[in-house]
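# Close look at the chain arrangement
Single-letter residue listing:
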Amino acid sequence: MIQIKHRDDWHEKWLNAIKSNKTIGFVPTMGALHEGHLELIRASKLTCDITVVSIFVNPTQFNNSEDFGNYPKTLNEDLEKLKQEKVDYVYTPSNDDIYTELPILSFSFGRLESTLEGAFRPGHFNGVGIVVSKLFNIIRPSKSFFGQKDLQQVAIIRRLVTDLSFDIELIVVPTKRETDGLAMSSRNLRLSPIERESAPLLFKYLTKAKSELLAGKSWFQVQQEIVEDFKEDSLIDLEYFELIHPETFTPYQEFDSNEKSSICLAAYLGKIRLIDNLPIIS
Ligand code: PAF
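Each chain has its residues counted from 1, running along the sequence as written. In keeping with the predicted nature of the model, local features appear solely for residues at pLDDT of at least 70, side-chain atom pairs appear and are counted solely at 80 or more, and the whole-chain, interface and lining totals rest on all residues. Remark: hydrogens and water are excluded; side-chain values derive from all non-hydrogen atoms of the structure.

## Some thoughts on the packing of aromatic side chains
Only rings of Phe, Tyr and Trp enter the pairing, Trp through its six-membered ring, and a pair is recorded when the two centres are within 6.5 Å. The plane angle decides the type: under 30 degrees is stacked, over 60 is edge-to-face, the rest tilted. Throughout the structure, instances matching the rule amount to twelve aromatic pairs. Judged by centre distance (5.3 Å) and plane angle (55°), the ring pair of F62 and F68 falls under tilted. Per-residue accessibility, obtained with a 1.4 Å probe over protein chains only, is compared with the maximum for each type, and a residue is labelled buried under 20%, exposed over 50%, and partly exposed between these values. Relative accessible area serves as the criterion here: at 11%, F62 is assigned to the buried category. Classification of F68 as partly exposed rests on a relative accessible area of 28%. We count a charge as sitting over a ring when the NZ of a lysine or the CZ of an arginine lies within 6 Å of the ring centre and within 35 degrees of the ring normal. Over the face of the ring belonging to F68 we find K73, whose NZ or CZ atom lies 5.7 Å from the ring centre. When the ring centre of W14 is taken as reference, the NZ or CZ atom of R140 above it lies at 3.8 Å.

Printed below as a string of structure tokens:
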């Protein structure tokens, strides 16, 4: 595995890959790699000739500086995991390599970011849009791989690719879960042991809501019931629990089995904010 620290060093490797007709798969990450990331890498290795992973904790997508400061940084362990997966290149830029200057350009994703993560984390998707555009322009991959856990991010990046005509195929990989159902996330590392014990409730209530909806209960009833369920665990502070269209992120008032839908949630366990989602109709 070759580590690239400066974007100029990638240019020649990219050129060689293109000259020899090799496809480049790209997995952007913020490090603290877990099995969920490794699944994205494996998906890239299965379908692309060359796999590039980036590790960059992007400051512009954190709307809370404490969250940025506390984001887990495990570079040595990450590099070891990437070697084991036989990744070809890892790009580990410094802040200056990405942000020679702080961007004055900003993205607005309109209605796509007026709900859920967009509403609760103002500016977050602008930061994601900026850094993903920069990374796409630097790496110039054929395909890029994202996890379904960040469903709204996937919808945002899909629009970014369409609106800016990036010639990149987006591949969405299903959420990887712990055996107790907790969606894998770098933030799980920061849960205390008792918070970790409560954390599987997130998936448990998503699953409960799905089976009740499919059994014919109204969304209004299901949502109210689940909000009450969450109140019974004093460690979990639910932020939202919504039924949405997975591409437009418009919240539904009622469930319609003829329309695509997913349930999305965000909740705090102590200071740690986790998100998860479950497709209902795909
Ligand atoms: O999903 C993430 O880890 C980040 O939002 C991404 C796509 C790497 C951009 O910083």
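The rest of the description comes next.
## Examining the site of the ligand
Each residue is tested against the molecule or strand, and it is near if at least one of its non-hydrogen atoms lies within 4 Å. Near the ligand you find P28, T29, M30, N58, Q61, V131, F146, D150 and Q153, and these make up its full shell. Polar contact is the term for a pair of N or O atoms within 3.5 Å; when the atoms are in protein, one must be able to donate a hydrogen and the other to accept it, and sequence-neighboring residues count only if both atoms are side-chain atoms. Between the ligand and Q61, the relevant distance is 2.6 Å, taken from an oxygen atom to a side-chain nitrogen or oxygen of the residue. One of the side-chain N or O atoms of Q153 is found 2.7 Å from an oxygen atom in the ligand. Surface exposure here means Shrake-Rupley accessible area, sampled with a 1.4 Å probe, where a residue is shielded only by the protein chains that are shown. Expressed as a share of its isolated accessible area of 290 Å², the protein-covered part of the ligand is 89%. For the shell around the ligand, the residue count by class is four nonpolar, four polar and one charged. Basically, the charged four are Asp, Glu, Lys and Arg, the nonpolar ten are Ala, Val, Leu, Ile, Met, Phe, Trp, Tyr, Cys and Pro, and anything else, Gly included, counts as polar.

## Re the pattern of salt bridges
Each salt bridge in this description consists of a side-chain nitrogen of Lys or Arg and a carboxyl oxygen of Asp or Glu lying within 4 Å of one another. Taken as a whole and judged by the stated rule, the model has 19 salt bridges. Here R42 and E35 are joined by a salt bridge, their closest N and O atoms 3.0 Å apart. Residue classification places R42 among the partly exposed positions, given a relative accessible area of 30%. Judged by relative accessible area, which is 30%, E35 ranks as partly exposed. Note that D163 is salt-bridged to R159, the shortest N-O span being 3.0 Å. Of this pair, D163 and R159 both sit in helix α8 (residues 151-163), four residues apart, which is roughly one turn of the helix. Per the convention used, a helix needs a DSSP run of H or I reaching at least four residues, while a strand needs a run of E reaching at least two, with both numbered from the N terminus.

## Details of the sheet that holds strand β9 (residues 272-281)
Should DSSP find at least two bridges between two strands, the strands are taken to pair. Strand order in the open sheet made by the three strands is β7-β8-β9, with antiparallel pairing throughout. Two strands bound the open sheet, and with one partner strand each, they are β7 (236-244) and β9. The average angle at which neighbouring strand axes cross in this sheet is 15°, direction not considered. In what follows, a contact means two residues having at least one pair of non-hydrogen atoms within 4.5 Å. Axis definition: a line fitted to C-alpha atoms, over the contacting stretch in the case of helices. Angles run 0 to 180 degrees between N-to-C directions. Running at roughly 25° to β9, helix α10 (residues 201-214) makes contact with β7, β8 (261-269) and β9 of the sheet. Each of β7 and β8 touches helix α11 (residues 219-231); the most contacted strand, β7, lies at about 165° to it.

## What to know about the environment of F249
Relative to the assigned elements, F249 resides in the loop between β7 and β8. Residues F249 and N137 lie 112 residues apart in sequence; the distance between their C-alpha atoms is 27 Å.

Just geometry here; none of it tells us what the structure is for.
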